[in-house]
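If you want the building blocks of each chain, they are given just below.
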Amino acid sequence: MLSRRWALPMIGVLVALLILSCTPAGNGSPIGGMVDGVGSGWPVYGFTHTQYTVDYGDAAALRTARSAIAEQRLLQNQHIMGFGVLNPEPSPGRYDFSSLDERIALIRETGGIPVITLCCAPDWMKGGQPGTTDWSRIEEAPRPEHYRDFAALAAEIARRYPDVTHYIVWNELKGFFDEDKQRWNYEGYTELYNLVYDALKAVNPKIKVGGPYPVMEDSDRPSELEGEWGNVDQRVLDVLRYWAKHKRGADFVVVDGSAESRRGMIPDDFGAQRKFAAVNEWLHRNIGLPIWWAEWYPEPEFSTWSDAKRTAVTAVSLMEFAESGTAAVLYWSRQEPGRECPPGCLWTDPHRRGGGRPTEILRLLQGFARWFPYGTETVRVSASPGPVRVLAQKAMMLVVNTSDSRVDAVVDGQRMTLGPYEVRWVART
């Protein structure tokens, strides 16, 4: 599933070559558990900036987009190399943080809570020539002899951005698969992680660090984690167990994944979203750390869904996260050049006059951050007929029609008519 996740930078003429254990929420229960170092109101929801975002474009469109983003505080994540950012250390000890500075400034300007993903690695840490950047090697991990150099780079970044207190170590175990053993090199990753963890904590003990960021993908192998939605490759679960046992420390565990299985969306498009809650339940039992989803994909990679269905399915997947105790959920921003709004985009093309308008997906993330931040207590409410899903707290509820037909429903004692795949925020009386 690399094609929709792995974006390379394009800046100027450079063209890419292509907190304590959470408790599942229930009736009258807070969503998640204590998030170490984060008080009530932690927004939980946010997005990752990728190659194209709201840093360049039509001035008026950029103002529109940035203003829309700033309306509700969200988590905003940025990688240190790639995804719109240049090589931060082209040669040993020679830094270039100009493009990363711009992205961090953008996050600050739009009121986001900044998160940094420590990926990817300069070429000289991968055996390349100092002073050069070969973007075709972006997926390679640092060589073991340069793990300490990567940790030193992480510490330099932490000193440069003292307001950034949440760091994710690496991305999807890129470059750590052992072809000979046909499994992940979790020993190598954990060695790198521990060095980075120590380096960041030495800069500021209050910095929160998490890993290992594997893809919770399925396989045709036997697995201890399976359901009607499919399964999770046992080799991925082995990574998490090894890391949990041998890590120096961690403030949260990071994963990503898609609702789509090798057999498609099973048992159906909405039922497939139960995978996210099932993974959370396994992580609560076996890892015991606050859970971060660095990426999540509620729809098939090559879907032809309408925007209405996409929004409805995304809403249901967010309900699964909320009800199963999730500390952070980061949406992978899908902006592309030359398109008004790629499927699932957060805002329309800011390079066009009149662009930068927020989409329903952005508003959905903002709604969850506003009404279901950390510490919110959920309440059970009645909803009928069956195609209607609802998530409620004392003042507000989110109602979703999961059918492609109009539904006359009664939700929490209120009568309402919902259009096909309609998603509606409703004040409780």
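Not measured: the values here are computed from a predicted model.

Criteria and thresholds
- Numbering of residues starts from 1 in every chain and runs along the sequence as written.
- Reporting in this predicted model follows two pLDDT cut-offs: at least 70 for local features of residues, and 80 or more for side-chain atom pairs to be given and counted; totals over whole chains, interfaces and linings ignore these cut-offs and use all residues.
- Water and hydrogen atoms were dropped before computing side-chain values, which therefore reflect all heavy atoms in the structure.
- Per-residue confidence from the predictor is given as pLDDT, running between 0 and 100.
- What makes two residues a contact is simply this: any of their non-hydrogen atoms within 4.5 Å.
- Think of each axis as a best-fit line through the C-alpha atoms, taken over the contacting stretch in the case of a helix, with angles from 0 to 180 degrees between the N-to-C directions.
- By definition, any uninterrupted DSSP run of H or I lasting at least four residues is a helix, any uninterrupted run of E lasting at least two residues is a strand, and each is numbered from the N terminus.
- Crossings are sorted by hand: turned counterclockwise from the far helix by less than a right angle, the near helix makes the crossing left-handed, and turned clockwise it makes it right-handed.
- Residues are sorted three ways: Asp, Glu, Lys and Arg are charged, Ala, Val, Leu, Ile, Met, Phe, Trp, Tyr, Cys and Pro are nonpolar, and all the rest, Gly among them, are polar.
- What a helix should span is 1.5 Å times the count of its residues minus one.
- The buried label goes to any residue with under 20% of its type's maximum accessible area, the exposed label to any with over 50%, and the partly exposed label to all in between, with areas taken from a 1.4 Å probe on protein chains only.
- Here, the arc refers to the directions that run from the helix axis to the C-beta atoms.
- Paired strands, in this sense, are two strands between which DSSP finds at least two bridges.
- Orienting the strands away from the viewer, one traces the path from the first strand over the helix to the second; a clockwise path indicates a right-handed crossover.
- Two aromatic rings, drawn from Phe, Tyr or Trp (for Trp, its six-membered ring), form a pair once their centres lie within 6.5 Å of each other, and the interplanar angle then sorts them: stacked below 30 degrees, edge-to-face above 60, tilted otherwise.
- We call a charge positioned above a ring when the Lys NZ or Arg CZ atom is no farther than 6 Å from the ring centre and deviates by at most 35 degrees from the ring normal.
- Disulfide assignment relies on a single distance test, namely cysteine sulfur atoms paired within 2.5 Å.
- Just so you know how the angles are binned, under 35 degrees is roughly parallel, over 145 roughly antiparallel, 65 to 115 roughly perpendicular, and the rest oblique.

### Observations concerning the confidence of the model for the chain
Next, step 1: Residues at a pLDDT of 70 or more form 91% of the chain, whose mean pLDDT is 92.
Next, step 2: Low pLDDT (under 50) marks residues 1–38, which in the prediction has 127 contacts with non-local residues, meaning those over four places away or in another chain.

### A look at the packing of helix α3 (residues 147–160) against helix α4 (residues 186–203)
Next, step 1: Between α3 and α4, the shortest axis-to-axis distance is 8 Å and the interhelical angle comes to 30 degrees. Of the two possible hands of crossing, α3 and α4 adopt the one that is right-handed. Contact residues: Y147, R148, F150, A151, A154, A155, A158 and R159 in α3; G188, E191, L192, L195, V196, A199, L200 and V203 in α4.
Next, step 2: Here the residues of the contact of α3 with α4 are counted per class, giving 12 nonpolar, one polar and three charged.

### Brief notes about helix α2 (residues 98–109)
Since one α-helical turn is 3.6 residues long, residues separated by three or four positions face the same way.
Next, step 1: The first and last C-alpha atoms of α2 sit 16 Å apart over 12 residues, in line with the 16 Å expected at 1.5 Å per residue.
Next, step 2: Among the residues of α2, those classed as buried are S99, L100, R103, I104, L106 and I107. Buried residues of α2 fall within an arc of 155 degrees about the axis and therefore sit on the same side.
Next, step 3: Its buried side turned inward, α2 meets α1 (59–70), β2 (75–79) and β3 (113–118).
Next, step 4: Positive backbone phi, approximately 75 degrees, marks G111, located one or two places after α2.

### Details of helix α7 (residues 307–323)
Next, step 1: Over its 17 residues, α7 extends 24 Å from the first C-alpha to the last, a length consistent with the 24 Å expected when each residue adds 1.5 Å.
Next, step 2: A large share of α7 lies buried, amounting to 14 of its 17 residues.
Next, step 3: Phi turns positive, to about 80 degrees, at G325, one or two residues after α7.

### Concerning the pairing of strand β11 (residues 291–297)
Next, step 1: Of all seven residues in β11, seven are buried; the element is thus mostly enclosed.
Next, step 2: Sheet topology places strand β10 (residues 252–258) next to β11; six bridges connect them, and they run parallel. Bridging from a neighbouring strand, V253 pairs with I291 of β11.
Next, step 3: Handedness of the β10-helix α6 (residues 274–286)-β11 crossover: right-handed.
Next, step 4: Bridge count between β11 and strand β12 (residues 328–332): two bridges; the pairing is parallel. If you follow W292 over to β12, its bridge partner there is A328.
Next, step 5: Between β11 and its parallel partner β12, the chain crosses via α7, and the hand of that crossover is right-handed.

### Some remarks on the packing of aromatic side chains
Next, step 1: Within this structure, the stated rule accounts for 23 aromatic pairs.
Next, step 2: Considering the side-chain rings of Y95 and F97, the 5.4 Å spacing of their centres and the 10 degrees angle between planes classify their relative orientation as stacked.
Next, step 3: Consider the rings of F150 and W170, whose centres lie 5.6 Å apart with planes at 80 degrees: the pair is edge-to-face. Separated by 20 residues along the polypeptide, F150 in helix α3 and W170 in the loop between β4 (166–169) and β5 (177–178) bring together distant segments of the chain.
Next, step 4: On the accessibility criterion, F150 (1% relative accessible area) is buried.
Next, step 5: Linked through ring pairs, F150, W170, F176, Y189, Y193, Y197 and W243 together constitute an aromatic cluster.
Next, step 6: Positioned above the aromatic ring of Y186 is the side chain of R183, whose terminal nitrogen or guanidinium carbon lies 4.3 Å from the ring centre.

### Quick look at the state of the cysteines
Next, step 1: Enumeration over the complete set of coordinates arrives at one disulfide.
Next, step 2: In this model C341 forms its disulfide with C345; the gap between the sulfur atoms is 1.7 Å. Taking the sign of the S-S torsion, about -65 degrees here, the bridge from C341 to C345 comes out left-handed.

### Things to note about the packing of α7 against helix α8 (residues 360–371)
Next, step 1: Where α7 meets α8, the closest approach of the two axes is 10 Å, and the angle between their N-to-C directions is 20 degrees. Overall, the two elements α7 and α8 adopt an arrangement that is roughly parallel. The handedness of the crossing between α7 and α8 comes out as right-handed. Contacts between α7 and α8 involve R310, T311, T314, A315, L318 and M319 from the former and E360, I361, L364, L365 and F368 from the latter.
Next, step 2: For the contact of α7 with α8, the per-class residue count stands at seven nonpolar, two polar and two charged.

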